[in-house]
Amino acid sequence: MAAAMSAVLFPPPPYSMPFSRHLRSVSSDGLFPCQIVWSSVVPPVPLLRSVPFSRSLKVHAGQMGTSMKSFEESQECLTALIKQVPELQFKAAKKLRELTDDLAREEKVDEATAAMTQLHPLEKIKHGFARFKNEDFLKRPHHYEKLKSGQSPKLMVIACSDSRVCPTHILGLQPGEAFIVRNVANLIPPWNERGFPGTSAAVEYAVLHLKVEHILVIGHSLCGGIRALMSMPQDGKKTSDFIEDWIQIGKPASAHVKDNYGFCSFDEQCRHCEKESVNVSLKNLLAFPWVKELVSQNKLALHGGYYDFLDGSFQHWPSSVKVESEVIF
């Protein structure tokens, strides 16, 4: 049974972590994250907030970002603070050791990442699988043992084939948690469209055999398929063997955007179409008789999503709500 959404407020993490405000709505079964609101506002550092500063320091919590413009200035400020409050030297030493360790770890990760990017694709696959096996598969035998008996994901994800928007990566999905289909521009063909059975067959299998409770269709920024859709010639002239036949599924979205946002630049129109095409796919989903039946029985919920990798944001909206009512997290 698709559960109703409810809000859960998570307290902010301790000051030793990057400060953020978590507001997360999840289904009552805890399966589908609906809303997370992130805030980049950094609270005053407790250490500095509790110390009376002299004019010679010229630093307070609200100005740290603009006052400390160099490593040398940061050193001078810390030295001046310790001279003023000697008892802080042990706490400062501990913080510096932690910072040094963090930087060293980051450097190792950066070096490893840089080395991996230089590898031949097949070598990268080899090293990538070895890392997965050693750091994940062998360390979680109970998890992978359970997968031997079959899969029972509660979520189906339909996403774009674009290499920049891997849903398992950006949503933190683990093996067995989601049944995933990827195609050009994350489109779902109409029920009566028999020329593209691949995606439709996947939907049928997920809904009727796996009994998923949620289907999430994810659009994304700078989608090449949507840009091609918005650029299709009006005379119907084809320039590809398969692409135009496929992306024409999204024509209702491009028509909607041109009618309502024709005054915008082409890039802005494409951005609107990236979201509106998700709504078209959701509407097409509801034309599948068994999807419509399960949705009407509250046994299946449809969701739209939009991942913007330009600013690292994700938007979600239930299928019954227009994209203008989106929730950002």
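Model, not experiment: these values are computed from the prediction.

(A) Representation of helix 13 (residues 289-296) within the structure. When we look at burial in helix 13, the residues that qualify are Trp290, Val291 and Leu294. For helix 13, the arc enclosing every buried residue in end-on projection is 105°, short of the 170-degree limit, so these residues lie on one face. Across from the buried face of helix 13, at angles greater than 90 degrees, the exposed residues are Lys292 and Ser296. Looking at the buried residues of helix 13, the elements they touch are helix 8 (197-209), helix 12 (266-285) and strand 7 (301-308). Once helix 13 ends, the next one or two residues include asparagine 298, with phi positive near 60°.

(B) Representation of a nonpolar patch on the surface. A contiguous nonpolar patch, built from Phe129, Phe132, Phe137 and Leu138 and spanning about 380 Å² of accessible area, is present on the exposed surface. Relative to the elements of secondary structure, leucine 138 occurs in the loop between helix 5 (121-137) and helix 6 (141-147).

(C) Quick look at the confidence of the model for the protein. Confidence in the prediction for the protein averages 78 pLDDT; 73% of positions are at 70 or higher. The model gives residues 1-68 a pLDDT under 50, and that stretch makes 117 contacts with residues more than four places away or in other chains.

(D) Quick peek at the nonpolar core. Residues Leu155, Val157, Ile218, Ile226, Leu229, Met230 and Cys273 are the most contacted members of the largest nonpolar core, which totals 28 residues. Residue assignment for this core shows that the elements contributing at least two residues are strand 4 (155-160), strand 6 (214-220), helix 9 (224-230), helix 10 (243-247), helix 11 (251-261) and helix 12. Considering each element in turn, this core owes the most residues, four residues, to strand 4. For valine 157, the contacting residues outside a window of four places in its chain are Pro167, Leu173, Ala178, Phe179, Ile180, Val181, Leu216 and Ile218.

(E) Fine view of the pattern of salt bridges. Using the criterion set out here, one finds eight salt bridges in the structure. Close ionic contact of glutamate 145 with lysine 148 constitutes a salt bridge, the shortest N to O distance being 3.0 Å. Residue arginine 164 pairs with aspartate 162 through a salt bridge whose shortest N-O separation is 2.7 Å. Judged by relative accessible area, which is 42%, arginine 164 ranks as partly exposed.

(F) Molecular detail of the side chain of serine 281. With respect to the helices and strands, the residue serine 281 is situated in helix 12. For serine 281, a relative accessible area of 1% gives the class buried. Here serine 281 is in contact with Asn186, Leu187, Ile188 and Val217, once residues within four sequence places are set aside.

(G) Layout of empty space enclosed by the protein. This model, assessed by the stated rule, comprises one cavity of 30 Å³ or more. One number sums up the size of the largest cavity: a volume of about 30 Å³. Taken together, Ala159, Cys160, Val165, Ile170, Ile218, Gly219, His220 and Tyr307 make up the lining of the largest cavity. No other element matches strand 6, which puts three residues into the lining of the largest cavity. The class makeup of the residues in the lining of the largest cavity is six nonpolar, two polar and no charged.

(H) Summary view of the packing of helix 8 against helix 13. Direction vectors running N to C along helix 8 and helix 13 enclose 40°, while the axes themselves pass 10 Å from each other. The orientation of helix 8 with respect to helix 13, classified from their angle, is oblique. As helix 8 packs across helix 13, the resulting crossing turns out to be left-handed. Residues Val203, Glu204, Val207 and Leu208 of helix 8 lie in contact with helix 13, whose contacting residues are Trp290, Val291 and Leu294. Residues belonging to the contact of helix 8 with helix 13 are distributed by class as follows: six nonpolar, no polar and one charged.

(I) Region of the structure containing the packing of aromatic side chains. Evaluated as defined, the whole model comprises 10 aromatic pairs. Ring centres of phenylalanine 132 and phenylalanine 137 lie 6.3 Å apart, and the angle between their planes is 55°; this geometry places the pair in the tilted category. Given a relative accessible area of 31%, phenylalanine 132 falls into the partly exposed group. Their ring planes at 70° and their centres at 5.5 Å tell us that tryptophan 191 and phenylalanine 288 sit as a pair that is edge-to-face. Here tryptophan 191 is found in the loop between strand 5 (178-183) and helix 8, whereas its partner phenylalanine 288 is found in the loop between helix 12 and helix 13, with 97 residues between them in sequence. Residue classification places tryptophan 191 among the partly exposed residues on the basis of a relative accessible area of 33%. With relative accessibility at 1%, the residue phenylalanine 288 sits in the buried group. Among the aromatic residues, those joined into a ring-pair cluster are Phe129, Phe132, Phe137 and Tyr144.

Criteria and thresholds
- Residues numbered from 1 in each chain as written.
- Predicted model: local features only at pLDDT ≥ 70, side-chain atom pairs only at ≥ 80, totals over all residues.
- Heavy atoms only, no water.
- Buried < 20%, exposed > 50% of the residue type's maximum accessible area, 1.4 Å probe, protein only.
- Helix = DSSP H or I, 4+ residues; strand = E, 2+ residues; numbered from the N terminus.
- Arc of directions from axis to C-beta.
- Contact = heavy atoms within 4.5 Å.
- Patch = residues over 30% accessible without salt bridge, like charges linked within 9 Å, V, L, I, M, F, W, Y side chains within 5 Å.
- Areas by Shrake-Rupley, 256 points an atom, 1.4 Å probe, with all protein chains shown as cover.
- Salt bridge = Lys/Arg side-chain N within 4 Å of Asp/Glu carboxyl O.
- pLDDT = per-residue confidence, 0-100.
- Core = buried A, V, L, I, M, F, W, Y, C linked by side-chain atoms within 4.5 Å.
- 1 Å grid on protein atoms, 1.4 Å probe; cavity = no way out; pocket = protein on both sides within 12 Å on 5 of 7 lines; lining within 4 Å.
- Points joined across faces, edges and corners; volume = space filled by probe spheres on them.
- Nonpolar A, V, L, I, M, F, W, Y, C, P; charged D, E, K, R; others polar.
- Axes fitted to C-alpha atoms, helices over the stretch in contact; angles between N-to-C directions.
- Parallel < 35°, antiparallel > 145°, perpendicular 65-115°, else oblique.
- Left-handed = near helix turned anticlockwise from the far one by under 90°.
- Phe/Tyr/Trp six-rings, centres within 6.5 Å; stacked < 30°, edge-to-face > 60°.

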